[in-house]
Amino acid sequence: MSTNYTYDYIIKYIIIGDTGVGKSCLLLQFTDRRFQPAHDLTIGVEFGARFVDVEGKKIKLQIWDTAGQESFRSITRSYYRGAAGALLVYDITRRETFDHLLIWLEDARQHSNSNTTIMLIGNKSDLESKRAVSYAEGEAFAQQHGLFFMETSAKTADNVEESFVDTAKDIYEKIKQGVFDVSNESNGIKVGGHLQPKTLPLNTDNGNNCC
Amino acid sequence: MKSSRCLNKFKDVLQSANIDLDALRNLNWLGIPNELPSELRSITWQLLLEYLPCNADRQVKTLARKRQEYFEGVSQAYARGIAGLDQTIWHQIHIDVPRTNPGTILYQCETTQQCLERVLYVWAIRHPASGYVQGINDLVTPFFQVFLSFYIDENPENYDTSCLPKNVLDVIEADSFWCLSKLLDGIQDNYTFAQPGIQRQINKLKDLINRINAPLAAHLQKEGVEYLQFAFRWMNCLLMREMSLKHTIRISDGFSVFHLYVCVAFLDKWSDELKTRDFQGIMMFLQSLPTAKWKEQDIELLLSEAYRLKSLYHEAPNHLSRV
């Protein structure tokens, strides 16, 4: 695997939500374009990365996929702060995963930085016959809390690409508007080397380090 | 050690009326070669975990009593069927068991899955301080597999446990439960709130790497790689996710005493590859280490390096303090 590839921005994401809602499967579908029905369960965090193109800019998404079980909450919390994007996932076939969204959201709001873009994802949309949470409910929750919303299927890949890319588009919009302090990497955004001399003051360290 | 000589040494220790655990521990550390009868490992593990008594006269009685105690525990917990279980705990275990070694026949057959579910559930309700934590499902598998090997000639990984007589399966399940319990007794704070045991181990790993491989430590720091990001899983699942089951079983011969040092040797082993990579490359590499191609020899090398490190640093805590 070669990482020796230039980028305009690196944006860090975090994927959160109850255990078994399909967080790792969404990541795998996004990074590798495949589905693994019996995915190993995630312990602590796992990492994935992929390039996307937004308005002609090469944006590298570096994604932390977190363990959903309550016991790991104190570990996964340390990953919020450095994330510019968060995908909050529930399973449309399991009501309780939707009922827990508020707890997740409070956790995210408390531990992430205030500009983090949050995308609410109702996963397993291919299992229509087992649906326990309607599209309207998901949409209403998102609206009420100022989140983006999509239903996805990690199995069929439906909307998976869009959920990651639309989040990136919103973050890129914020970057353009100057919402993020991009000189501080801990905000979850890193600017590529060749962009810096033109638009931004040089970082003191590894400013020309492409990847 | 040649395997026939090794077997004789084991026999000498195991056939005494009162088994010398220290002698067994030393012998065991050298390893139980795979060509030796599998019951050797089964008995050795049960002795070292102090499940099977050292006193030969007490063995049969004790095992019968412990097994009975487990069966009663299961009957009590399951008295009102699945509906009578703590639904939060049960549901978590129920969705995790099928995700345990998903590629392996042994763990995909329903009979095995039901056994593991009961073992994990009964353990969880008896240990409310931690409860069931993901990863404990991995820890039970070496026991189940080694104890199963005691009763069958086939490769256990390809074995469908529904072929076993019920009383045999019950015994394997009960023994797995008790040995898992004994193992976890020693590392319970790996699984309590905020997992302090794991945090401590990770700090020690970091200190030891600073000490034995400063260039690697410096490179990881420069790239912004935190030990927690990759070593959490190593500690939480005792490296079981990083190795094939067969090699996990060999590593488990040393149990948790050596675990930290196995992790140190393990990270150190990849030093050359890691130092050529950036943050992303390091994370991707550490997440899917090329251990699938490992042979027994690789494991033996790793373990002897771990043993060397342990003798150097374990009884000398000053070596650990930061310079």
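Residues numbered from 1 in each chain as written. Chains lettered and ligands numbered in written order. Predicted model: local features only at pLDDT ≥ 70, side-chain atom pairs only at ≥ 80, totals over all residues. Heavy atoms only, no water.

Looking at an unreviewed UniProt entry, chain B carries the name RabGAP/TBC, with the source organism given as Rhizophagus irregularis.

An unreviewed UniProt entry lists chain A under the name Ras-related protein rab-2A-like protein, with Rhizophagus irregularis given as the organism. As recorded by UniProt, the Subcellular location (unreviewed entry) comment attached to chain A reads in full: "Endomembrane system". For chain A, the Sequence similarities (unreviewed entry) comment in UniProt is given as "Belongs to the small GTPase superfamily. Rab family." (UniProt positions renumbered as here; feature names shortened; annotations may be inferred.)

**Things to note about the nonpolar core**
Grouped together as the largest cluster of nonpolar side chains are 141 residues, with contacts concentrated most on Trp234 and Leu267 of chain B. The dominant element in this core, judged by the number of residues it contributes, is helix H9 (residues 166-185) of chain B, at ten residues. Setting aside residues up to four positions removed in sequence, Leu267 of chain B forms contacts with Ile209, Leu216, Leu220, Tyr227, Phe230, Trp234, Leu274 and Leu286 of chain B. Residues Cys25, Val52, Ala154 and Val191 of chain A belong to the second largest nonpolar core, which totals 32 residues. (Core = buried A, V, L, I, M, F, W, Y, C linked by side-chain atoms within 4.5 Å. Buried < 20%, exposed > 50% of the residue type's maximum accessible area, 1.4 Å probe, protein only. Helix = DSSP H or I, 4+ residues; strand = E, 2+ residues; numbered from the N terminus. Contact = heavy atoms within 4.5 Å.)

**Here we look at the layout of surface pockets**
By volume, the largest pocket amounts to about 1000 Å³. Those elements giving two or more residues to the lining of the largest pocket turn out to be helix H1 (23-32) and strand E2 (45-54) of chain A together with helix H8 (136-149) and helix H16 (279-287) of chain B. In terms of residue count, the dominant contributor to the lining of the largest pocket is H1 of chain A (five residues). Two domains share the lining of the largest pocket, each providing at least three of its residues, namely domain 2 (37-190) and domain 3 (196-315) of chain B. (1 Å grid on protein atoms, 1.4 Å probe; cavity = no way out; pocket = protein on both sides within 12 Å on 5 of 7 lines; lining within 4 Å. Points joined across faces, edges and corners; volume = space filled by probe spheres on them. Domains from an automatic or database assignment.)

**Here's the deal with helix H11 (residues 214-222) of chain B**
Residue and element names in this part refer to chain B. Among all positions of H11, only Leu216, Ala217, His219 and Leu220 are buried. One face of H11 carries all of its buried residues, which in axial projection span an arc of 165 degrees. Away from its buried face by more than 90 degrees, H11 exposes Gln221 and Lys222. Among the structural elements, helix H10 (196-212), helix H12 (227-236), helix H14 (259-269), helix H15 (271-275) and H16 are those in contact with the buried residues of H11. Residue Gly224 follows H11 closely and has a positive phi angle near 75 degrees. (Arc of directions from axis to C-beta.)

**Here's the deal with unusual backbone geometry**
Residues and elements named next belong to chain B. Even without being a glycine, Glu50 presents a positive backbone phi close to 60 degrees. Positive phi, normally seen in glycine, also occurs at Ala194, with a value near 65 degrees. Locating Ala194 in the fold gives a position in the loop between H9 and H10. On the basis of relative accessible area, Ala194 is assigned to the partly exposed category, the value being 24%.

**Quick notes on the pairing of strand E6 (residues 148-151) of chain A**
Residues and elements named next belong to chain A. Summarising the sheet, strand E5 (residues 117-123) and E6 pair through four bridges and their orientation is parallel. Bridging from a neighbouring strand, Met119 pairs with Phe148 of E6. In this fold, the crossover linking E5 to E6 by way of helix H5 (residues 135-145) has right-handed handedness. (Pairing = 2+ DSSP bridges. Right-handed = clockwise from strand over helix to strand, strands pointing away.)

**Describing the domain arrangement of chain B**
In terms of domain boundaries, chain B breaks down into domain 1 (1-36), domain 2 (37-190) and domain 3 (196-315). Computed from C-alpha atoms alone, the centre-to-centre distance between domain 1 of chain B and domain 3 of chain B is 28 Å.

**Some words on the packing of aromatic side chains**
Inspection of the entire model under this criterion finds 26 aromatic pairs over all chains. Arranged with centres 5.8 Å apart and planes meeting at 20 degrees, the rings of Trp270 of chain B and Trp294 of chain B form a pair that is stacked. Taken together, the residues span a long stretch of sequence, with Trp270 of chain B in the loop between H14 and H15 and Trp294 of chain B in the loop between H16 and helix H17 (296-313) at a distance of 24 residues. We classify Trp294 of chain B as buried; its relative accessible area is 9%. Among the aromatic residues, those joined into a cluster by ring pairs are Tyr227, Phe230, Trp234, Phe266, Trp270, Phe285 and Trp294 of chain B. One cation-aromatic arrangement involves Lys12 of chain A over Phe279 of chain B; the distance from NZ or CZ to the ring centre is 4.5 Å. Note that Arg73 of chain A overlies the ring of Trp104 of chain A, its terminal NZ or CZ placed 3.9 Å from the centroid. (Phe/Tyr/Trp six-rings, centres within 6.5 Å; stacked < 30°, edge-to-face > 60°. Lys NZ or Arg CZ within 6 Å of the ring centre and 35° of its normal.)

**Some words on empty space enclosed by the protein**
Scanning the entire structure with this criterion turns up five cavities of 30 Å³ or more. In terms of lining, the second largest cavity is formed by Val45 and Glu46 of chain A together with Gln229, Phe230, Arg233, Trp234, Glu242, Met283, Leu286 and Gln287 of chain B. Those elements that provide at least two residues to the lining of the second largest cavity are E2 of chain A together with H12 and H16 of chain B. For the lining of the second largest cavity, the element with the most residues is H12 of chain B, which contributes four residues. Taken together, the residues that form the lining of the second largest cavity break down as five nonpolar, two polar and three charged. (Nonpolar A, V, L, I, M, F, W, Y, C, P; charged D, E, K, R; others polar.)

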